[in-house]
Amino acid sequence: MSKPLTEEIKQEVERRRTFAIISHPDAGKTTLTEKLLLFGGAIREAGSVKARKASRHATSDWMEIEKQRGISVTSSVMQFDYSGHRVNILDTPGHQDFSEDTYRTLTAADSAVMLIDVAKGVEAQTIKLFQVCSKRGIPIFTFINKLDREGQSPFELMEELERVLGIRSVPMNWPIGMGRELCGVYDRMNNQVELFQGKDHSKIEVRKVDSYTDPIIREMAGDFLHDQLCQELELLDVAGDPFDLEKVSRGELTPIFFGSAVNNFGVQTFLENFLKLAPPPAPRKSTSGEVEPTNEKFSGYIFKIQANMNPAHRDRIAFLRICSGRFDRGMSVKHVRAGKDIKLSQPQQFLAQDRDIVESAYPGDIIGLFDPGIFRIGDSLSQGSEITFDELPTFSPELFAKVTVKNALKHKQYQKGIDQLTEEGTIQVFQTTGFEETILGVVGQLQFEVFEYRMKGEYGVDIQLHRMQFQFARWITGEVDPSKYRINSQLVKDKHGNFVVLFENEYAMRTAMDKNPNTTFLETAP
Ligand code: G4P
């Protein structure tokens, strides 16, 4: 007899782990992702993910590739099974394709892995991505990478996490030496040592020990490194934060793992501990209260729309995060905003290289739906009662440009293009309050390029973008006095008519905040 549906969903939810890796370019995200996929058997060869990354290196190449493949695979979801868990890794584009999609993808994750280069510490893109995760209060796990290179001391890194990100940390393991001296890590939770073996560090030996004072470690690591390890761990035992799962779950404490992704060192232990500690899909907020993942009725929301870069194929893929129930191919669901029933017949699941048709999927999973133009970012789909998930935040753009249309007769097409591309989340549009000029705002440069390219390819409109000096946008509520935003700043409106101030630099922004106590400045739309 088959299991009752509720029981089945409960079990599937329990074993799901959906997370994103957040990092600055070059910290080793591709390498780590690839190692994780190898453990999960999702890929057979090292280099597959890397090849994909290399192939999208330059913008122009990227567009060429998109065109050839028909539909984009640049940013997707990788799924694999490991020791009973079903793991979904959400790819968060970095490099040139860093965009608002990167931020929106984080809303679909139940936890995050923050990857940090041991030498470089916390870098700019990590800070931005961390803040988005931290606002959501999801657990954040830290992997300090490239331990085979000289870097900052573990204590310095812990101090930096607290100073720059405001998060306390608890090391789960501790390096024995670093750089050329690195000979292994001590696993504090399981009282064992993992040691590099052989000249090329190709083997890893795991030994159970009583504590870090165990003479076995001294034998293997030598007096100097063992003395250092004992001193550091003693200090950590006395002065460090104890492990506290509650705090980890609330995103107030980050467990740290040290390792070297390229040498596959510390990766498996990280994966195993992470899967134990990371949460399964949690309830999601909706306008009618929290939706439990174990609810029998299917529900989900669209967090990303990926357009086809080939003008001959206008179809798009909408990425849906399942929040409750079971998805079955061909099922009918309510498209809540449109007030229509739709059939989900050709859903796709995303893997490292291939896309398969999905038969069924559960909360925490991501499916791709063919979109003939009916979805918008943030749309909710549900079975039975109408559920509307809370709106996705609009993230503050950092690059701005004025647009002019080269041929004034194309104004209608231009407007249509602007409307559609804003719905997809490719760009944000602002209007100046005086002359009704259009200003575009984006998070990453590639968004401008995609906008220009698609305006011409799909709508036949040649545009010219004129970059502006602004670097920050803040939505304002309360007192709105246009005369206060004339120097190094400008007052504009977003597409919903909310007031937004654009600032040329941080100084101008801080000054405006100080001088206008009756105005509230917000980083995301109200
Ligand atoms: P990203 O996706 O975060 O941008 O980083 P990616 O994995 O591409 O890694 C960036 C560089 O760092 C790569 O070197 C990669 O090999 C290296 N790397 C990753 N993990 C480690 C590690 O644990 N130790 C050391 N020493 N290096 C690491 P590259 O020279 O750019 O590419 P490649 O020619 O080595 O592939």
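Small disclaimer: the values here were computed from a predicted structure and weren't measured.

Go over the overall build of the chain with me, naming the residues and quoting the values.
Helix and strand content of the chain: 14 helices and 31 strands. Sorting the 526 residues of the chain into buried and exposed places 45% on the buried side. Here the contacts in the chain between residues at least 6 apart in sequence split such that 70% fall between residues at least 24 apart.

Describe in detail the confidence of the model for the chain, supporting the description with residues and values.
Reading predicted coordinates in detail is not appropriate for stretches of low pLDDT. When pLDDT is averaged across the chain, the result is 87; 88% of the residues are at 70 or more. Ignoring residues within four places in sequence, the model shows residues 55-63, a span with pLDDT below 50, making 10 contacts including any to other chains. Long-range and interchain partners of residues 65-75, a stretch whose pLDDT sits below 50, account for 21 contacts in this model, where long-range means more than four residues apart. Taken over the whole predicted complex, pTM reads 0.88, whereas the ipTM for its chain interfaces reads 0.98.

Now, about the sheet that holds strand 30 (residues 499-503): what can you tell me, with residues and values included?
Overall, antiparallel pairing links the 8 strands, which are arranged 27-24-26-25-29-30-28-31 in an open sheet. Only two strands of the sheet have a single partner each, and these edge strands are strand 27 (463-467) and strand 31 (519-522). Across this sheet, the average inter-strand angle for adjacent strands is 40°, counted without regard to direction. Strands in contact with helix 13 (residues 445-459) are strand 24 (399-405), strand 26 (438-442) and strand 27; relative to strand 27, the strand with the most contacts, it is inclined by about 160°.

Tell me about the pairing of strand 30, and please be specific about residues and values.
It is a general feature of regular strands that their side chains alternate between the two faces of the sheet. Most of strand 30 is tucked away, with 4 of its 5 residues classed as buried. Note that strand 28 (residues 472-478) and strand 30 share 4 bridges and pair antiparallel. Residue pairing in the sheet places Arg-474 in a bridge with Val-501 of strand 30. Relative to strand 30, strand 29 (residues 489-494) runs antiparallel, the two being bridged by 5 bridges. What sits directly across from Lys-493, in strand 30, is Phe-499. Between strand 29 and strand 30, which pair antiparallel one after the other, the connecting turn spans 4 residues, and Gly-497 there sits at a positive phi close to 90°.

Quick one: what's the story with the site of the ligand, residue by residue and with numbers?
The immediate surroundings of the ligand are formed by 16 residues, with Gly-28, Lys-29, Thr-30, Thr-31 and Ser-260 found nearest. It is helix 2 (residues 29-39) that contributes the most residues to the shell around the ligand, 3 residues altogether. Across the shell around the ligand, the residue classes tally to 4 nonpolar, 7 polar and 5 charged.

Give a detailed account of the packing of helix 2 against helix 11 (residues 267-277), specifying residues and quantitative values.
Running from N to C, helix 2 and helix 11 cross one another at 75°; their axes reach a closest spacing of 10 Å. One way to sum up the angle between helix 2 and helix 11 is to call them roughly perpendicular. Facing Leu-32, Lys-35, Leu-36 and Phe-39 of helix 2, the residues of helix 11 in contact are Val-267, Gln-268 and Leu-271. Taken together, the residues of the contact of helix 2 with helix 11 sort by class into 5 nonpolar, 1 polar and 1 charged.

Talk me through the sheet that holds strand 10 (residues 203-208); I want residue IDs and the actual numbers.
Here 4 strands make up an open sheet; going across it, the order is 7-8-9-10 and the pairing antiparallel. In this open sheet, the two strands that pair with only one neighbour each are strand 7 (173-176) and strand 10. For this sheet, the mean angle separating the axes of adjacent strands, direction not counted, is 20°. Where strand 8 (residues 184-187) meets strand 9 (residues 192-197), 4 bridges bridge the pair, whose relative direction is antiparallel. Within strand 9, the position partnered with Gly-184 by the bridge is Leu-195. Taken strand by strand, helix 9 (residues 223-239) contacts strand 7 and strand 8, and its axis lies near 150° from that of strand 7.

Could you give an account of the domain arrangement of the chain, naming the residues involved and the relevant values?
Partitioning the chain into structural domains gives domain 1 (20-63 + 112-277), domain 2 (284-382) and domain 3 (399-522). At the junction of the two partners, domain 2 supplies 6 residues and domain 3 supplies 6 residues. Here the residues of the side of domain 2 that touches domain 3 are counted per class, giving 4 nonpolar, no polar and 2 charged.

Just give me the short version of helix 9, but keep the residues and values in it.
Spacing of three or four residues puts side chains on the same side of an α-helix, whose turn is 3.6 residues. Its 17 residues place the ends of helix 9 24 Å apart at the C-alpha level, agreeing with the 24 Å of an ideal helix rising 1.5 Å per residue. Among the residues making up helix 9, those that are buried are Leu-225, His-226 and Leu-229. All buried residues of helix 9 fall inside an arc of 95° around its axis, so they share one side. Turned more than 90 degrees away from the buried face of helix 9, the exposed residues are Asp-223, Phe-224, Asp-227, Gln-231, Glu-234, Leu-235, Val-238 and Ala-239. Where helix 9 is buried, its residues meet strand 7, strand 8 and helix 8 (215-221).

Requested: an account of the environment of Ile-22, with residues and values cited.
The topology assignment puts Ile-22 in strand 1 (residues 16-23). A sequence separation of 80 residues divides Ile-22 from Thr-102, and the C-alpha atoms of the two residues are 9.5 Å apart. With sequence-adjacent residues up to four places away left out, Ile-22 is seen in contact with Thr-92, Ala-112, Met-114, Thr-126, Leu-129, Phe-130 and Cys-133.

I'd like a rundown of helix 13, residues and numbers included.
In this model, helix 13 (15 residues) spans 21 Å end to end at C-alpha, consistent with the 21 Å of a helix rising 1.5 Å per residue. Those residues of helix 13 not exposed but buried are Leu-446, Gln-447, Phe-448, Val-450, Phe-451, Arg-454, Met-455 and Tyr-459. Positive phi appears at Gly-460, one or two residues downstream of helix 13, with a value of about 65°.

Reading guide: rules and limits
Residues numbered from 1 in each chain as written. Predicted model: local features only at pLDDT ≥ 70, side-chain atom pairs only at ≥ 80, totals over all residues. Helix = DSSP H or I, 4+ residues; strand = E, 2+ residues; numbered from the N terminus. Buried ≥ 20, exposed ≤ 12 C-beta atoms within 10 Å, placed from the backbone. Contact = placed C-beta atoms within 7 Å. pLDDT = per-residue confidence, 0-100. Pairing = 2+ DSSP bridges. Axes fitted to C-alpha atoms, helices over the stretch in contact; angles between N-to-C directions. Near = placed C-beta within 6 Å. Nonpolar A, V, L, I, M, F, W, Y, C, P; charged D, E, K, R; others polar. Parallel < 35°, antiparallel > 145°, perpendicular 65-115°, else oblique. Domains from an automatic or database assignment. Expected span 1.5 Å × (residues − 1). Arc of directions from axis to C-beta.

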